[in-house]
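Observations on chain architecture
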Amino acid sequence: MSLPQTAPAAAAAPAAPTPPRPRALLAMHPQLASHLLDSRSLARLTELADLDPLLVVDDFTGPAAAAALAEAEVIVSSWGCPPLDDTVLAAAPRLRAVIHAAGSVKHHITDACWQRGIRVASAAWANALPVAEYTVGAILFANKQVLRLSAEYRERRAPYDWPYAESHIGNYRRTVGIVGASQIGRRVMELLRPYDLELLLHDPYVDEAEAAALGARSVALDELCGLSDVVSVHAPELPATRHLISRRMLALMPDGATLVNTARGSLIDQDALIEELVPGRLNAVLDVTTPEVLPADSPLYDLPNVLLTPHVAGSLGNELHRMAGAAADELARYTAGLPFAHPVLPQDIHRTA
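Nothing here was measured: the structure is a model prediction, and the numbers come from that model.

In this section: the packing of aromatic side chains. Geometrically, a pair of aromatic rings is defined through the distance of the ring centres and the angle of the planes. What the rule picks out here adds up to one aromatic pair. Against the face of Phe 340 rests Arg 119, its NZ or CZ located 4.6 Å from the ring centre. The lysine or arginine in question, Arg 351, covers the ring of Tyr 205, its NZ or CZ lying 4.6 Å from the ring centre.

Structure follows, in structure tokens:
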């Protein structure tokens, strides 16, 4: 008795070949890399790309850097990356993309990059988050007059008659003016929505309808300065924005108002601001100044109505890892043939930070 014949098993389809990983190069301050790239992000980067995690360059002319640059398809950059000018690009014939694990790309992305058609992504959105959080804290503390009350408490060492405090102290129905609907400015407005505050916005690129959608009322800059208990600056540093908060704008601010600057020092007429701060008419929270660092004899160090910090509102400590994770996400999209989630476009570069 013969057994039934079974059909031969179908041959398995050959597996699709795995595309080669792009060659990548880390370009930033070498001392920064160990703080920026946590183990998770570094593992993802090296899985997605052929990348030497021990080679971190801030100068493309050395032998090892030049050899890696010649083969690189992607540069993962951060603070300290040298400018990618014509000379550098000539030595990088295979370069197709730059993924910046920080904010502004203006320090290293040149016109030559746009002319070459190099794709650029930035983690500016990730760096915007801690700046916005710092700003919200500054706004809420400013309206509560924490600096003054803390100093008085330290001096008096006696109870504070808080139920009978001046009516202008507090965050109920205060007016906050946001100068610039940048990524940071928009995040600040989003974070302030739960509070009983009136938000004003000045941005020449935002109309009334968009401002309303952001929870703010669009106004001219002089009106914003004249009405706001706190003015918070989030515009980019451009020739047109130098001394945007001018002597005249500062004079329009109400007595006791607070200026918050986490953008760039050049946006404020600092000499005029000091003239308003010394007699105590205005208060300020300054994370940026002109210059950075201030000279040792600057009155801004000692004024009791000034909170001065050394440009720390942006990513600091473990917040750096968010930017590294953002860079790894963009590299994953690049290797999958997808567009960047947060591209930098040449037509926008003239009006962004």
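The structure having been displayed, the exposition proceeds.
Quick look at the domain arrangement of the protein now. According to the domain assignment, the protein consists of domain 1 (24-102 + 318-345) and domain 2 (128-308). The centre of domain 1, based on its C-alpha atoms, is set 36 Å off from the matching centre of domain 2.

It is worth spelling out the nonpolar core at this point. Of all hydrophobic cores here, the largest spans 30 residues; its most connected members are Leu 26, Met 28, Leu 36, Leu 37, Val 74, Met 323 and Leu 331. Taken together, the elements giving at least two residues each to this core come down to strand S1 (23-27), helix H1 (30-36), helix H2 (39-48), strand S2 (50-57), strand S3 (74-77), strand S4 (97-100) and helix H13 (320-335). The dominant element in this core, judged by the number of residues it contributes, is H13, at eight residues. Other than its neighbours up to four places away in sequence, Leu 37 contacts Leu 26, Leu 42, Leu 45 and Ala 324. Core analysis: the second largest hydrophobic core is formed by 29 residues, Leu 267, Ile 274, Ala 284 and Leu 303 among them.

The next thing to look at is the sheet that holds strand S9 (residues 230-233). Sheet architecture is open: seven strands sit in the order S8-S7-S6-S9-S10-S11-S12, paired in parallel fashion. Each edge of the sheet is formed by a strand with only one pairing partner; in this case those strands are strand S8 (217-218) and strand S12 (306-308). Note that strand S7 (residues 197-202) and S8 share two bridges and pair parallel. Opposite Leu 201, over in S8, you have Ser 218 as the bridge partner.

Turning our eyes to something else, we now look at the side chain of Thr 262. Topologically, Thr 262 is positioned in the loop between strand S10 (258-261) and helix H12 (270-277). Taking relative accessible area as the criterion, Thr 262 reaches 9% and is therefore assigned buried.

The rules behind the values
Residues numbered from 1 in each chain as written. Predicted model: local features only at pLDDT ≥ 70, side-chain atom pairs only at ≥ 80, totals over all residues. Heavy atoms only, no water. Phe/Tyr/Trp six-rings, centres within 6.5 Å; stacked < 30°, edge-to-face > 60°. Lys NZ or Arg CZ within 6 Å of the ring centre and 35° of its normal. Domains from an automatic or database assignment. Core = buried A, V, L, I, M, F, W, Y, C linked by side-chain atoms within 4.5 Å. Buried < 20%, exposed > 50% of the residue type's maximum accessible area, 1.4 Å probe, protein only. Helix = DSSP H or I, 4+ residues; strand = E, 2+ residues; numbered from the N terminus. Contact = heavy atoms within 4.5 Å. Pairing = 2+ DSSP bridges.

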